[in-house]
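Close look at the chain arrangement
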Protein chains: 2
Amino acid sequence: MKRTSRDIRVANRFEVLRHIIASATVSRQQIASDTGLSLATVSNLVGELLELGLLVEVGYQDSGGGRPRGLVAINPNGGVLVGIDVAETYVHVELFDPALTVLASVEEELHPEENRPDQVVAHVVSSVESALATAGVGHDRVLGAGISVPGQVDREGGVSVFAPNWDWHDVPLRSLLARSLDMPLYLDNPLRACVVAELWFGAGRGRDDVVVVNLGTGVGAGLAFGGALYRGATNSAGEWGHTTLVVDGRLCHCGSRGCVETYVGAPGIMQNLRDLAPNSPFLHTDDQTATIEALARGVADGDPVAAKVVTETARYLGVAVADLINLVNPEVVVLSSWVAGLLGDALLAEVRAVVGRHALRRPLAATEITLCRIAGNPVSLGAATFALERFLSAIGTNAGGLVRQT
Amino acid sequence: MKRTSRDIRVANRFEVLRHIIASATVSRQQIASDTGLSLATVSNLVGELLELGLLVEVGYQDSGGGRPRGLVAINPNGGVLVGIDVAETYVHVELFDPALTVLASVEEELHPEENRPDQVVAHVVSSVESALATAGVGHDRVLGAGISVPGQVDREGGVSVFAPNWDWHDVPLRSLLARSLDMPLYLDNPLRACVVAELWFGAGRGRDDVVVVNLGTGVGAGLAFGGALYRGATNSAGEWGHTTLVVDGRLCHCGSRGCVETYVGAPGIMQNLRDLAPNSPFLHTDDQTATIEALARGVADGDPVAAKVVTETARYLGVAVADLINLVNPEVVVLSSWVAGLLGDALLAEVRAVVGRHALRRPLAATEITLCRIAGNPVSLGAATFALERFLSAIGTNAGGLVRQT
DNA sequence: CTCCTTATTTGGGGGCTTATGATAAGCACG
DNA sequence: CGTGCTTATCATAAGCCCCCAAATAAGGAG
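Residues numbered from 1 in each chain as written. Chains lettered and ligands numbered in written order. Predicted model: local features only at pLDDT ≥ 70, side-chain atom pairs only at ≥ 80, totals over all residues. Heavy atoms only, no water.

Now for the relation of the copies chain A and chain B. For the pair chain A and chain B, the superposition axis carries a translation of 0.0 Å, the fit reaches an RMSD of 0.0 Å, and the rotation angle comes to 180°. Viewed as a symmetry operation, the transformation between the two copies matches a two-fold axis. Comparing interface residues between copies, 100% of those in chain A also lie at the interface in chain B; the contact surface is shared. (Least-squares fit on C-alpha atoms with pLDDT ≥ 70 in both. Contact = heavy atoms within 4.5 Å.)

In structure tokens:
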């Protein structure tokens with residue numbers, strides 16, 4: 001954990017850029033007073049980013065009698081970031097400008113039998129090419145690409161160490177993709193991508209200590225401490241789905257019993273429904289998405305069974321979240337991923353109530369619980385943000401190929 | 001979370017001093033190669049600490065034909081650190097030299113009715129005075145004092161925000177003590193003191209991500225990330241005792257049910273015993289310590305009931321620790337505090353077995369589980385270490401009153 | 001006493017920050 | 001229109017930090 005003065009520079013660069021993105025258009029003065037950095041440093045950093053073409057000057061703002069403040073904004077033509085979300089059933093690729101606004105979006109389905117690395121790689125390559133074509137952008141304009149794959153990754157090596165759903169072991173994804181995709185490529189997994197997305201663009205903005213609870217088919221808890229993603233000793237922090245919630249509870253595919261996942265993951269919620277109403281019309285056997293969608297509609301329509309399922313799910317989720325709050329004492333807990341997206345406010349309200357009963361008063365008072373409010377796909381956004389972070393870190397090391405465009 | 005280049009200096013100072021303490025006597029060369037810092041920086045830092053009198057040169061080491069390496073060590077007369085452990089039933093004060101070797105140790109009992117702040121403060125003051133007298137040290141030699149009190153503290157303000165066992169609310173301990181104790185005073189709680197002690201002198205040395213599981217009457221989990229104590233948003237991270245382990249389980253004094261504490265805290269272990277053998281001779285009603293001690297002897301003597309109690313306790317503790325490992329992915333988990341000390345290896349072995357069955361393979365492989373191996377009282381050691389850290393942080397800010405002694 | 005080897009210190013360069021002054025750009029007013 | 005005032009930005013300097021490399025220090029061997 002060696003720190004150098006360059007890390008400070010990089011952190012400040014993140015801070016300034018993040019601020020400009022958030023404000024759309026802003027003066028140096030404003031940045032300085034908001035970030036606590038000195039005017040000189042801000043001016044210096046802004047100058048550097050202008051030089052690189054990542055920012056543009058966009059006019060002036062009255063200053064009440066003196067020289068007007070120069071306003072800067074992200075240069076929409078400053079380059080392109082690629083965010084790739086590889087999931088079990090699809091490959092989703094998005095192109096972003098440096099403000100992380102979506103320029104193009106492409107999704108290709110992955111059929112169940114298409115799970116060999118070369119097949120997945122082919123889909124990724126064709127999606128990226130097609131997205132670039134749609135947006136009319138050349139490879140030379142790409143600042144970097146981030147790719148998220150499920151499971152355990154070795155991000156330095158660019159290797160998918162283990163992907164449970166496809167039984168991949170040590171697949172050298174970066175090398176495989178590098179043959180066809182000529183751009184810097186950064187690998188990580190969806191949980192961490194979501195955390196980074198929240199830190200830059202969501203509820204984690206400006207917060208130090210953040211927990212992102214991912215509710216999908218599986219569940220996990222992404223962590224950020226001190227304003228930065230926390231990875232743990234071997235980049236596997238956040239394995240929260242197999243936390244024991246009920247001793248001798250439901251059998252989990254991990255072999256254990258009573259895991260959080262078996263109660264609040266999508267299949268767990270289906271089981272909650274089955275336990276309450278075995279013949280419910282909401283139940284679409286073998287289709288998690290359809291079931292959760294049906295439940296969401298049911299809740300919206302005031303169906304009592306649907307409401308009961310949400311309450312029951314929140315009973316488990318709330319306890320588990322309260323445990324997290326007690327342990328980590330975060331500033332904010334974000335409920336993310338598609339299940340949270342569908343069940344939305346109904347789930348949030350119930351979870352808040354349960355947490356209120358189970359968490360300790362003091363940590364609870366410091367914690368906001370919220371839904372993910374990021375528009376679009378937070379995973380591809382986060383993946384692209386990884387690429388942006390890496391690009392920003394490389395500035396000044398004469399390694400980063402700078403893209404000049406005005 | 002503003003970082004400056006001075007933070008780097010302070011971190012390196014910590015690193016170097018920690019290394020010298022660990023090595024007892026060591027050359028600059030060795031420090032440099034072990035820490036990865038340059039010779040120049042090490043020389044610079046060592047020079048600074050020599051100047052302050054915290055280190056002394058203690059001879060030379062042959063270098064194979066050239067100039068011999070100068071050896072440095074902690075100056076045993078370089079000043080005195082005070083560590084104060086205020087617990088429910090006693091006040092324990094220890095004096096340390098800058099290598100954190102104990103110079104004197106004093107304990108005064110706190111009677112159950114002596115729980116007013118002024119009474120506790122009086123005991124602290126008299127203990128410190130008596131310790132200083134025993135060691136024959138004047139106030140002027142004290143570099144700083146750290147004090148640990150149970151409960152929630154505001155360490156900047158030096159206020160005990162909430163101490164549940166005595167029902168203290170917002171007691172301004174630092175101000176109260178400052179009237180009689182003329183030394184820099186740092187306040188925190190035992191959980192965090194233990195973590196700092198482990199980071200400097202225990203299993204956490206040189207590790208980035210550490211969990212210290214405290215097993216006493218209550219239980220908690222101290223956390224360190226990136227080599228530094230993690231506090232959370234409001235200095236209350238680590239409240240792990242009230243994590244729900246068994247839904248609808250044993251009633252806890254916090255009002256909830258099934259908290260970890262009710263199974264693995266000392267009263268919980270007594271209950272485990274009662275459940276197995278209601279009339280066991282190990283059971284000393286109303287005396288936790290005696291009961292746990294009796295159990296420990298029973299285990300040593302091969303008593304089957306005692307062994308069963310340990311197994312049963314480990315069944316709960318192991319699951320809870322496995323959950324921690326999955327979530328945090330630490331390099332080491334330390335079992336600390338008096339219950340762990342008494343039950344020792346028997347408990348450790350059982351916990352390891354249970355964790356092996358419940359934790360995920362990859363995080364588990366990266367984690368060592370160990371008992372606290374710090375001799376003496378880790379809380380007063382940690383409290384004194386807080387004082388040392390603060391003293392080291394203040395060097396160069398012309399704020400720290402430097403003590404020059406050779 | 002000189003040479004050789006190795007350790008330590010010192011000076012310089014480059015990074016970062018903040019502080020300070022110079023310059024730029026607007027407004028107001030005579 | 002010019003002068004003075006205000007405010008913004010930029011350039012330079014100064015203070016830390018680190019590291020590198022040359023100079024100096026301190027032994028031993030011949």
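This part covers the protein's contact with DNA strand D. Taken together, the neighbourhood of DNA strand D is formed by 21 residues, with A:S43, A:R69, A:G70, B:T41 and B:G65 sitting nearest. Sugar and phosphate atoms form 74% of the subset of DNA strand D atoms that lie within 4 Å of the protein. The separation between a phosphate oxygen of DNA strand D and a polar side-chain atom of A:S43 is 2.5 Å. At a separation of 2.3 Å, a phosphate oxygen of DNA strand D approaches a polar side-chain atom of A:R69. Residue assignment for the surface near DNA strand D shows that the elements contributing at least two residues are helix 2 (28–35) and strand 3 (69–74) of chain A together with helix 1 (5–23) and helix 3 (39–52) of chain B. Here the residues of the surface near DNA strand D sort into three nonpolar, twelve polar and six charged. (Near = heavy atom within 4 Å. Polar contact = N/O pair within 3.5 Å; in protein donor to acceptor, adjacent residues only side chain to side chain. Helix = DSSP H or I, 4+ residues; strand = E, 2+ residues; numbered from the N terminus. Nonpolar A, V, L, I, M, F, W, Y, C, P; charged D, E, K, R; others polar.)

A few words on the environment of A:E88. Residue and element names in this part refer to chain A. Looking at the secondary structure, you find E88 in the loop between strand 4 (80–86) and strand 5 (90–96). For E88, a relative accessible area of 45% gives the class partly exposed. Distance from E88 to H111, taken between C-alpha atoms, is 8.9 Å for residues 23 residues apart in sequence. Setting aside chain neighbours within four positions, we find E88 in contact with L110, N165 and W166. (Buried < 20%, exposed > 50% of the residue type's maximum accessible area, 1.4 Å probe, protein only.)

Next up on the list: the sheet that holds strand 12 (residues 210–215) of chain B. All names here are of chain B. Here five strands make up an open sheet; going across it, the order is 14-13-12-15-16 and the pairing mixed. Single-partner strands in this sheet number two, and they are strand 14 (228–229) and strand 16 (368–371). Bridge count for strand 12 against strand 15 (residues 332–336) is five bridges, and the pairing is parallel. Note on strand 15: the bridge partner recorded for V211 is V333. (Pairing = 2+ DSSP bridges.)

In this section: the packing of aromatic side chains. Residue and element names in this part refer to chain A. Under the criterion given, the structure shown has 13 aromatic pairs over all chains. With centroids separated by 4.3 Å and ring planes inclined at 35°, the aromatic side chains of Y263 and Y316 adopt a geometry described as tilted. Highlighted residues: Y263 in helix 7 (residues 261–264) and Y316 in helix 10 (residues 304–328), separated in sequence by 53 residues. For the pair Y263 and Y316, a shared accessibility class is recorded, and that class is buried. (Phe/Tyr/Trp six-rings, centres within 6.5 Å; stacked < 30°, edge-to-face > 60°.)

All names here are of chain B. Between helix 10 (residues 304–328) and helix 11 (residues 337–358), the shortest axis-to-axis distance is 7 Å and the interhelical angle comes to 55°. In terms of their interaxial angle, helix 10 and helix 11 are classed as oblique. Our pair here, helix 10 against helix 11, has a crossing hand that is right-handed. For the pair formed by helix 10 and helix 11, the contact residues are V310, T311, T313, A314, R315, L317, G318, V319, V321, A322, I325 and N326 on the first element and L343, A346, L347, E350, V351, V354, V355 and H358 on the second. Here the contact of helix 10 with helix 11 is composed, by residue class, of 13 nonpolar, five polar and two charged. (Axes fitted to C-alpha atoms, helices over the stretch in contact; angles between N-to-C directions. Parallel < 35°, antiparallel > 145°, perpendicular 65-115°, else oblique. Left-handed = near helix turned anticlockwise from the far one by under 90°.)

Take the confidence of the model for chain A next. Taken residue by residue, chain A gives an average pLDDT of 91. The fraction at 70 or more is 97%. The low-confidence segment residues 399–406 of chain A (pLDDT under 50) makes 19 contacts with residues lying over four places distant or belonging to another chain. (pLDDT = per-residue confidence, 0-100.)

Okay, empty space enclosed by the protein next. Any space left empty among the atoms is revealed by the rolling of a water-sized probe across them. Counting across every chain of the model gives three cavities of 30 Å³ or more. Taken as a whole, the largest cavity holds about 170 Å³ of empty space. Of all the secondary structure elements, the ones that give two or more residues to the lining of the largest cavity are helix 10 of chain A together with helix 10 of chain B. The class makeup of the residues in the lining of the largest cavity is twelve nonpolar, two polar and two charged. One number sums up the size of the second largest cavity: a volume of about 50 Å³. Surrounding the second largest cavity, B:R155, B:Y186, B:L187, B:D188, B:R231, B:F386 and B:R390 form its lining. Of all the secondary-structure elements, those providing two or more residues to the lining of the second largest cavity are strand 11 (185–188) and helix 13 (378–394) of chain B. No other element matches strand 11 of chain B, which puts three residues into the lining of the second largest cavity. Counted by class, the lining of the second largest cavity contains three nonpolar, no polar and four charged residues. (1 Å grid on protein atoms, 1.4 Å probe; cavity = no way out; pocket = protein on both sides within 12 Å on 5 of 7 lines; lining within 4 Å. Points joined across faces, edges and corners; volume = space filled by probe spheres on them.)

This paragraph deals with the interface of chain A and chain B. Taken together, the contact pairs 50 residues of chain A with 50 residues of chain B. Interface of chain A and chain B: buried area, both sides summed, is about 4,000 Å²; carbon and sulfur atoms make up 58% of it. Across the chain A-chain B interface, the total number found is zero salt bridges. Between the two partners, chain A and chain B, sit 14 residue pairs in polar contact (both at pLDDT 80 or more). Of all the elements in the fold, those that place two or more residues in the side of chain A that touches chain B are helix 1 (5–23), strand 9 (159–163), strand 13 (219–225), helix 10 and helix 12 (361–365) of chain A. Looking at which element gives the most residues to the side of chain A that touches chain B, the answer is helix 10 of chain A, with seven residues. Here the residues of the side of chain A that touches chain B are counted per class, giving 23 nonpolar, 17 polar and ten charged. (Buried area = accessible area lost by both parts, 1.4 Å probe. Salt bridge = Lys/Arg side-chain N within 4 Å of Asp/Glu carboxyl O.)

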